[in-house]
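# Observations on the model geometry
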Amino acid sequence: MERTYILEQGAYLRKAGNHLVVTKNREIIAEIPLEGLSQLTLVGFSSLSGAVLEVLIRHRIETVLLSPRGQFRARLMVDEHKHVQRRQGQYVKLSGADFALRTTQSIVRGKLRNTARFLALRGSRYGSEALHRAAAQIKGLSALVDRQKDMDLLRGIEGHAANLYFEVFPLLVRVPGFEFNGRNRRPPLDPLNALLSFVYTLLTQEVLTAIKVVGLDPYLGCLHAVDYGRPSLACDLVEEWRTFLGDRLVLALVNRRVIGLDDFVYRPTPCADAVDEEELKHRRPVEMKPKIARAFIEAYEKWMASRILDPGSRERTDYRGLIQRQVWKFCHYLVGDRDSYEPFIWSEVS
């Protein structure tokens with residue numbers, strides 16, 4: 001078992017031999033073998049013993065804390081003692097205006113091309129002129145990317161493309177009843193935004209983990225400016241995966257009626273900052289019920305294990321492996337082993 005998610009609110013983790021024991025109200029609800037465990041994700045409010053913390057550190061088990069809505073909150077960091085030269089190279093390269101601009105152009109171009117392809121494919125499937133039109137507009141914007149020499153305007157192109165995409169996003173939903181009035185978050189106000197936010201968080205954590213494995217600093221990127229607490233590089237490199245991995249999964253689960261409107265809890269009170277689950281649980285506008293949250297995680301893990309042919313090496317891997325390979329490409333680009341960074345391009349997958 002390499003990855004485990006704790007979704008039960010109020011759960012307590014303690015160590016027992018070679019296992020982690022998950023209890024709630026003094027009843028054992030799960031046992032997790034430590035052997036092979038590489039990542040532990042705690043969703044919502046749970047706690048753990050000092051012995052568990054010790055074993056997580058000793059075995060260097062990556063531990064991620066997400067809010068009940070799936071928003072990233074914290075990560076258990078182990079001391080980093082390697083790859084100083086790579087991080088030095090990253091700071092120097094991405095501090096250069098020309099290099100940062102060229103890198104951002106690649107990232108934005110890749111995102112827009114994948115987005116346009118997704119809309120064009122769904123436009124053909126559904127016979128939608130509006131989807132084809134949006135795809136053509138976004139493809140047109142992608143052609144402007146390499147000509148744009150101003151970073152802020154480049155970010156503006158990316159933002160405009162995102163607006164075009166989410167304007168037609170409701171046309172991708174084939175089940176009546178799901179409303180989508182634009183992208184919203186922190187907190188998401190409807191089920192679709194809740195699902196999108198959750199899957200984007202999971203994907204960002206995938207990228208962030210890969211960044212740390214190769215020894216780069218996830219907090220210095222280029223498309224996303226430095227902001228306190230924001231893993232800007234992870235936010236940059238997740239852009240190429242949003243439609244291909246994130247949106248396709250969410251839409252598949254909704255359109256195949258695996259997830260329905262009855263799988264969410266709705267509250268009229270807008271969310272506010274809260275100190276614990278008891279205070280917060282009455283302030284979340286919408287959230288997945290625990291059962292469907294577990295089903296979503298299972299579907300996500302199955303999805304990430306899907307096999308695919310790496311268009312670069314022509315080797316078989318899975319989606320998670322593909323992300324890791326892309327981050328390695330980015331690392332090689334930063335240290336000078338590659339002249340350019342080429343993001344994942346959906347159309348190159350066979």
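All values derive from a computational prediction rather than experimental measurement.

### Digging into the pairing of strand S7 (residues 62-66)
The buried fraction of S7 is high, at four of five residues. Strand direction decides the pairing type here: strand S5 (residues 39-43) and S7, joined by five bridges, are parallel. Bridged to Gln-39 within S7 is Glu-62. By the bridge criterion, four bridges tie S7 to strand S8 (residues 72-76) in an arrangement that is antiparallel. Bridge assignment links Leu-65 to a residue of S8, and that residue is Ala-74.

### A closer look at the side chain of Gln-205
The residue Gln-205 is located in helix H6 (residues 191-214) in this model. Dropping the residues within four chain positions of it, Gln-205 is found in contact with Val-64, Phe-72 and Arg-75.

### Details of the sheet that holds strand S2 (residues 11-16)
Taken together, the four strands give an open sheet; going across it, the order is S4-S3-S2-S6, and neighbouring strands pair in mixed fashion. Both outer strands of the open sheet, strand S4 (27-33) and strand S6 (46-48), are each paired with one neighbouring strand and no more. Each strand of the sheet is rotated relative to its neighbour by a mean of 25 degrees, with strand direction disregarded. Two elements, S2 and S6, share three bridges in a ladder whose sense is parallel. Along S6, the bridge assignment pairs Tyr-12 with Ser-47. Across the sheet, helix H1 (residues 50-58) touches S2, strand S3 (19-24) and S6, and the angle it forms with S2 is around 70 degrees.

### Some details on the nonpolar core
Residues Leu-119, Phe-169, Val-207, Leu-237, Leu-245 and Phe-296 are the most contacted members of the largest nonpolar core, which totals 89 residues. For this core, the element with the highest residue contribution is H6, accounting for 14 residues. Here this core spans two domains, and each of domain 1 (2-76) and domain 2 (84-348) adds at least three residues to it. Once you skip the residues sitting within four places of it in the chain, Leu-237 turns out to touch Ile-107, Val-207, Ile-211, Val-327, Phe-330 and Tyr-341. Membership of the second largest hydrophobic core comes to 14 residues, among which are Ile-6, Leu-40, Leu-42 and Ile-61.

### A closer look at unusual backbone geometry
Of note, the phi angle at Arg-60 is positive, near 55 degrees, even though the residue is not glycine. Considering the arrangement of structural elements, one finds Arg-60 in the loop between H1 and S7. One non-glycine residue, Arg-314, lies in the positive phi region at around 65 degrees. Along the chain, the position of Arg-314 falls in the loop between strand S11 (307-309) and strand S12 (316-318).

### Quick notes on the sheet that holds S7
Overall, mixed pairing links the four strands, which are arranged S1-S5-S7-S8 in an open sheet. Unpaired on one side and paired on the other, strand S1 (3-6) and S8 mark the two borders of the sheet. Looking at each pair of strands side by side, their axes are set apart by 15 degrees on average, direction ignored. Here S1 runs beside S5; their pairing, made up of four bridges, is parallel. Note that in S5 the partner of Ile-6 across the bridge is Leu-42.

### A word on the UniProt feature "binding site: Mn(2+)" (unreviewed entry) in the chain
Under the UniProt annotation, "binding site: Mn(2+)" (unreviewed entry) lies at Glu-158, His-224 and Glu-239. Spanning 82 residues, the named residues form one tight spatial group whose C-alpha atoms are at most 11.2 Å apart. Position of Glu-158 among the secondary structure elements: in helix H5 (residues 151-168). Look at Glu-158 and you get buried, because its relative accessible area is 14%. Excluding residues that lie within four positions of it along the chain, Glu-158 makes contacts with Val-108, Lys-111 and Glu-239. Structurally, the position occupied by His-224 is in the loop between H6 and helix H7 (232-237). Setting aside anything within four residues of it in sequence, one finds His-224 in contact with Arg-230, Ser-232, Cys-235, Asp-236 and Glu-239.

### Some points on the packing of aromatic side chains
Summed over all chains, the structure comprises 17 aromatic pairs. Here the aromatic rings of Phe-330 and Tyr-341 are separated by 5.1 Å at their centres, their planes lie at 80 degrees, and the arrangement is edge-to-face. Of this pair, Phe-330 sits in helix H11 (residues 319-334) while Tyr-341 sits in the segment after H11, and the two are eleven residues apart along the sequence. According to the relative accessible area criterion, Tyr-341 is buried, its value standing at 2%. What links up through ring pairs into an aromatic cluster is the set Phe-118, Trp-241, Phe-244, Trp-303, Tyr-319, Phe-344 and Trp-346. The ring of Tyr-126 carries the charged tip of Arg-174 above its face, separated from the ring centre by 3.8 Å. The ring centre of Tyr-200 lies 4.6 Å from the NZ or CZ of Arg-242, which sits over that ring.

### Thoughts on the packing of helix H8 (residues 242-255) against helix H10 (residues 290-304)
One can describe the packing of H8 onto H10 by two numbers: an axis separation of 11 Å at closest approach and a directional angle of 130 degrees. When the interaxial angle is binned, H8 and H10 end up oblique. As H8 packs across H10, the resulting crossing turns out to be right-handed. For the pair H8 and H10, the contacting residues are Phe-244, Leu-245, Arg-248, Leu-249, Val-250 and Leu-253 in the first and Phe-296, Ala-299, Tyr-300, Trp-303 and Met-304 in the second.

Rules and cut-offs
Residues numbered from 1 in each chain as written. Predicted model: local features only at pLDDT ≥ 70, side-chain atom pairs only at ≥ 80, totals over all residues. Heavy atoms only, no water. Buried < 20%, exposed > 50% of the residue type's maximum accessible area, 1.4 Å probe, protein only. Helix = DSSP H or I, 4+ residues; strand = E, 2+ residues; numbered from the N terminus. Pairing = 2+ DSSP bridges. Contact = heavy atoms within 4.5 Å. Axes fitted to C-alpha atoms, helices over the stretch in contact; angles between N-to-C directions. Core = buried A, V, L, I, M, F, W, Y, C linked by side-chain atoms within 4.5 Å. Domains from an automatic or database assignment. UniProt positions renumbered as here; feature names shortened; annotations may be inferred. Phe/Tyr/Trp six-rings, centres within 6.5 Å; stacked < 30°, edge-to-face > 60°. Lys NZ or Arg CZ within 6 Å of the ring centre and 35° of its normal. Parallel < 35°, antiparallel > 145°, perpendicular 65-115°, else oblique. Left-handed = near helix turned anticlockwise from the far one by under 90°.

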